[in-house]
Amino acid sequence: MNSKLDGKALHGQAAAMPDSRLKYFGRQIPIHRAIHNYHFPRSRLKTVFFLPLVFTLLSWPALKLVAISWGYFFDFWITKLGVVGSVSSGTYGPAWLNLEMPYLNISASAPDASVWWGMIFVIVFTVGASSVIPDRYLPLRYFIRLCALIQFSSLIFFVLSPGAFHYTLQDHLMGFETTAIFLMMVLPWIHALIYYIFEFSLSKKILFTLISLLLCSLIAPFLMMIHAYLIYKYSLMLLPLLYFIFGFLFLIMACISIYGWAMSWNSGQRIS
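Residues numbered from 1 in each chain as written. Predicted model: local features only at pLDDT ≥ 70, side-chain atom pairs only at ≥ 80, totals over all residues. Heavy atoms only, no water.

Chemist: Residues and numbers for the overall build of the chain, please.
Modeler: When helices and strands are tallied, the chain shows eight helices and two strands. Counting from the amino terminus, the chain carries its helices and strands in the arrangement α-α-β-β-α-α-α-α-α-α. Looking at the chain as a whole, 35% of its 272 residues qualify as buried. Residue pairs at least 24 apart in sequence account for 75% of intrachain contacts in the chain once pairs closer than 6 positions are excluded. With an accessible surface of roughly 16,900 Å², the chain has 70% of that area assigned to carbon and sulfur atoms. (Helix = DSSP H or I, 4+ residues; strand = E, 2+ residues; numbered from the N terminus. Buried < 20%, exposed > 50% of the residue type's maximum accessible area, 1.4 Å probe, protein only. Contact = heavy atoms within 4.5 Å. Areas by Shrake-Rupley, 256 points an atom, 1.4 Å probe, with all protein chains shown as cover.)

Put into structure tokens, the structure is as follows:
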């Protein structure tokens, strides 16, 4: 008798509890795609393999146009920003690719005392201001403090051993540009593994890859020019922060954002 009463009591408590599959306003929360079972027909393998191959073949002449546009972009902004430097060209990659890329020839020095103490003030002010950020924006608070920690480490390094920093601004910009070009070349193959395998239409797969490539070709020169100007103006002490947080990682996060948006498109995927 007691067991029956206990069972009824537990059933009543479970019925009174909110359904975890419902949102706050009562709408159902769909099962996340990561735990779905989906059907992968063999015919889709053709798209997974041949579509990135087509993009790879078409990317070589397209990259030449990208290189030319980047060269004009660098020439324009070096003059507008008053940066002392020049734009030269060099061959990127293997000989069969024969891709002429523009390179920024800009030099920067170690920070002097005024710049060093000015950055100390900026770090202290930034960390203090992050303390008033509401708890609902806690990730932003941690991100700001991470940037402050990286920048403080850079300042300490330039105090203890400034002559040991042999990484020049020109090397930084050249490495960033080379990495961006490499990303644009392999991006269709990455999409083949993480996007083409799903039941999106061919037009959506093509559109997603075109948007991603266009995004990289537009963001990369802007990031390089911003890096060049800030490091040229405020010395090499900004290079570690720009490299680790606002460099290639920023470009990758932009691609991931576009991927998240593209995954929200209606695919008609059959799931079970």
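Chemist: Provide a residue-level description of the confidence of the model for the chain, including the pertinent values.
Modeler: Per-chain confidence: the chain averages 85 in pLDDT, with 82% of residues scoring 70 or above. Element-level pLDDT for the chain is lowest in helix 1 (residues 2–16), with a mean of 47, against a maximum mean of 95 in helix 6 (residues 202–234). In this model residues 1–5 is a low-confidence stretch, pLDDT under 50, and it forms zero contacts with partners more than four residues away in sequence or in other chains. Per-residue pLDDT stays below 50 along residues 10–18; that stretch engages in zero contacts with residues further than four places along the chain or on separate chains. (pLDDT = per-residue confidence, 0-100.)

Chemist: Any details on the packing of helix 2 (residues 44–81) against helix 6? Residues and values, ideally.
Modeler: Axis separation between helix 2 and helix 6 bottoms out at 9 Å; the angle between their running directions is 25°. When the interaxial angle is binned, helix 2 and helix 6 end up roughly parallel. In the packing of helix 2 onto helix 6, the handedness of the crossing is right-handed. Here the residues of the contact of helix 2 with helix 6 sort into 20 nonpolar, three polar and two charged. (Axes fitted to C-alpha atoms, helices over the stretch in contact; angles between N-to-C directions. Parallel < 35°, antiparallel > 145°, perpendicular 65-115°, else oblique. Left-handed = near helix turned anticlockwise from the far one by under 90°. Nonpolar A, V, L, I, M, F, W, Y, C, P; charged D, E, K, R; others polar.)

Chemist: Give me the lowdown on the side chain of histidine 227, citing residues and values where you can.
Modeler: In this fold, histidine 227 is placed in helix 6. Once you skip the residues sitting within four places of it in the chain, histidine 227 turns out to touch Leu169, His172, Leu173, Leu242, Phe246 and Gly247.

Chemist: Give a detailed account of the pattern of salt bridges, specifying residues and quantitative values.
Modeler: Where charged atoms from two side chains of opposite charge come close, those side chains can pair. Tallying each qualifying case throughout the model produces two salt bridges. Linking arginine 44 and glutamate 199 is a salt bridge whose minimum nitrogen-to-oxygen distance equals 3.9 Å. Within this pair, whereas arginine 44 is found in helix 2, its partner glutamate 199 is found in the loop between helix 5 (169–194) and helix 6, the two being separated by 155 residues in sequence. According to the relative accessible area criterion, arginine 44 is buried, its value standing at 8%. For glutamate 199, a relative accessible area of 29% corresponds to the partly exposed category. Ionic pairing is found between aspartate 135 and arginine 141, a salt bridge with its closest N-O pair at 3.0 Å. For arginine 141, a relative accessible area of 11% gives the class buried. (Salt bridge = Lys/Arg side-chain N within 4 Å of Asp/Glu carboxyl O.)

Chemist: An account of the packing of aromatic side chains is needed here, citing residue identities and associated values.
Modeler: The tally for this structure, following the rule as stated, stands at 18 aromatic pairs. On the numbers, 6.2 Å between centres and 65° between planes, the contact of phenylalanine 49 with tryptophan 189 is edge-to-face. Of the two residues, phenylalanine 49 is situated in helix 2 and tryptophan 189 in helix 5; the sequence distance between them amounts to 140 residues. Classification of phenylalanine 49 as partly exposed rests on a relative accessible area of 43%. Aromatic pair phenylalanine 76 and tryptophan 77: ring centres 5.2 Å apart, planes at 85°, arrangement edge-to-face. Among the residues examined, phenylalanine 76 registers a relative accessible area of 44% and is labelled partly exposed. Given a relative accessible area of 30%, tryptophan 77 falls into the partly exposed group. (Phe/Tyr/Trp six-rings, centres within 6.5 Å; stacked < 30°, edge-to-face > 60°.)

Chemist: Tell me about the packing of helix 5 against helix 6, and name the residues and values.
Modeler: Look at helix 5 against helix 6: their axes get within 10 Å of each other, and the N-to-C directions meet at 170°. The orientation of helix 5 relative to helix 6 falls into the category roughly antiparallel. Residue composition of the contact of helix 5 with helix 6, by class: 17 nonpolar, six polar and one charged.

Chemist: Help me get a handle on the pairing of strand 2 (residues 99–106), residues and values and all.
Modeler: Most of strand 2 sits out of view: six of its eight residues are buried. Strand direction decides the pairing type here: strand 1 (residues 85–92) and strand 2, joined by eight bridges, are antiparallel. Pairing of serine 88 across the sheet is with tyrosine 103, part of strand 2. (Pairing = 2+ DSSP bridges.)

Chemist: Let's hear about helix 6: which residues, and what values?
Modeler: For helix 6, spanning 33 residues, the distance from its first C-alpha to its last is 48 Å, which sits close to the expected 48 Å at 1.5 Å a residue. Where helix 6 terminates, the next one or two residues include serine 235, which has phi positive at roughly 85°. (Expected span 1.5 Å × (residues − 1).)

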